[in-house]
Amino acid sequence: DPAVLRYYYASKLGPRLDDLDLNPEEFVDKVNSDLVGKVVNLASRTAKFVQATGLAEKYPDDGGLFAQGAAAGAAIAEAYQNCDFARATRLIMELADRANPYIDTQAPWKLTKDPAKAGEVRDVCSVGLNLFRQIVVYLAPILPKLAEEAGQLLNEPITSWEQSQQPLVGTAVQPYSHLMKRVEKKDIDAMI
């Protein structure tokens, strides 16, 4: 998938003229860690639990995570405008690094075992999917295909930067299908 190569190169590109090296091991690690392990993981661990109910009608309390992400939008946009793609991707991954522990702590896969906690599951998953969507809006200049697929998953196309500033509520969630697969070193070796 050329999108993962775009991400890798973007994570290396700064505003100055510098040589770039493609390190296959680093490429595999970065894509699998950042995109699969941090970003797509947010959707894969939450979407299936709200497929029947959709997102919460009112955005739940998330301890300020969405607001922090919205506030980071200006710095991310500035990094893009200055062609400092490495800084932009670093700032975006900081958001993913804050979002994943929230999902780990809330553990919706455990909450679903108790039918009395259905509302809590919906709230946790609504937060997780909104943080995922916010991150994908910020990644859209690099990964337009992922943005398109995220828009389909959440029943609202990602069309503007401003979508990172308001949570999405009350919409249906489509069945989750893999948004990105892990890069395998053996596939890179075969290609080379």
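Please read all numbers here as calculations on a predicted model, not as lab measurements. (Residues numbered from 1 in each chain as written. Predicted model: local features only at pLDDT ≥ 70, side-chain atom pairs only at ≥ 80, totals over all residues. Heavy atoms only, no water.)

Novice: Looking at this structure, I do not really get the overall build of the protein chain. What am I missing?
Specialist: Each helix and strand counted, the protein chain has 8 helices and 0 strands in total. Counting from the amino terminus, the protein chain carries its helices and strands in the arrangement α-α-α-α-α-α-α-α. Its C-alpha radius of gyration of 17 Å places the protein chain within 12% of the 16 Å reference for a compact globule of 192 residues. For the protein chain, the spread of C-alpha atoms along the principal axes amounts to about 55 × 40 × 25 Å. The buried share of the protein chain, reckoned over its 192 residues, is 47%. Long-range contacts, defined as pairs at least 24 residues apart, comprise 74% of the intrachain contacts of the protein chain with a sequence gap of at least 6. Surface summary for the protein chain: the accessible area is close to 9800 Å², and the carbon and sulfur share equals 53%. (Helix = DSSP H or I, 4+ residues; strand = E, 2+ residues; numbered from the N terminus. Rg over C-alpha atoms; globule rule 2.2 N^0.38 Å. Buried < 20%, exposed > 50% of the residue type's maximum accessible area, 1.4 Å probe, protein only. Contact = heavy atoms within 4.5 Å. Areas by Shrake-Rupley, 256 points an atom, 1.4 Å probe, with all protein chains shown as cover.)

Novice: In this structure, what is going on with the packing of helix H1 (residues 2–12) against helix H4 (residues 85–106)? I would like to understand it.
Specialist: For any two helices packed against each other, the geometry comes down to the angle between their axes and how far apart the axes lie. H4 packs onto H1 with a crossing angle of 105° between their chain directions and a minimal axis gap of 5 Å. Here H1 lies roughly perpendicular to H4, going by the angle between them. Counted together, Tyr7, Ala10, Ser11 and Lys12 of H1 and Phe85, Ala86, Thr89 and Met93 of H4 form the full contact between these two elements. Looking at the contact of H1 with H4, its residues break down into 5 nonpolar, 2 polar and 1 charged. (Axes fitted to C-alpha atoms, helices over the stretch in contact; angles between N-to-C directions. Parallel < 35°, antiparallel > 145°, perpendicular 65-115°, else oblique. Nonpolar A, V, L, I, M, F, W, Y, C, P; charged D, E, K, R; others polar.)

Novice: Would you explain the packing of aromatic side chains in this entry?
Specialist: One pair of aromatic rings is described through two measures. These are the centre distance and the angle between the planes. Evaluation of the coordinates by the stated rule reveals 6 aromatic pairs. Aromatic rings pair up to connect Tyr80, Phe85, Tyr138 and Trp161 into one cluster. (Phe/Tyr/Trp six-rings, centres within 6.5 Å; stacked < 30°, edge-to-face > 60°.)

Novice: Before we go on, may I ask you to explain the nonpolar core in this structure?
Specialist: The nonpolar side chains of a soluble globular protein tend to be buried, and buried together. Formed by 60 residues in total, the largest nonpolar core has its most connected members in Val39, Ile76, Leu129, Phe132 and Leu139. If you tally residues by element for this core, the top one is helix H6 (residues 118–139), at 12 residues. (Core = buried A, V, L, I, M, F, W, Y, C linked by side-chain atoms within 4.5 Å.)

Novice: Please explain the side chain of Asp62 as it appears in this structure.
Specialist: Along the chain, Asp62 falls in the loop between helix H2 (24–44) and helix H3 (65–81). Comment: no salt bridge for buried Asp62; closest opposite-charge side chain is Arg98, at 9.8 Å. Separated by 2.8 Å, the side chain of Asp62 and the backbone nitrogen of Gly64 make a polar contact. The contact partners of Asp62, leaving out residues within four places of it in the chain, are Tyr102, Val127 and Leu131. (Lys, Arg positive; Asp, Glu negative; His and termini not counted. Salt bridge = Lys/Arg side-chain N within 4 Å of Asp/Glu carboxyl O. Polar contact = N/O pair within 3.5 Å; in protein donor to acceptor, adjacent residues only side chain to side chain.)

Novice: Is there a simple way to explain H2 in this structure?
Specialist: Every α-helical turn comprises 3.6 residues, leaving residues that sit three or four positions apart pointing alike. The end-to-end C-alpha separation of H2 is 26 Å, well short of the 30 Å expected for 21 residues at 1.5 Å each. Largest kink in H2: about 30°, centred on Val36. At the N-terminal boundary of H2, the capping side chain belongs to Asn23, with an oxygen 3.0 Å from the backbone nitrogen of Glu25. (Expected span 1.5 Å × (residues − 1). Bend = angle between axes of the 7 residues up to and from the residue.)

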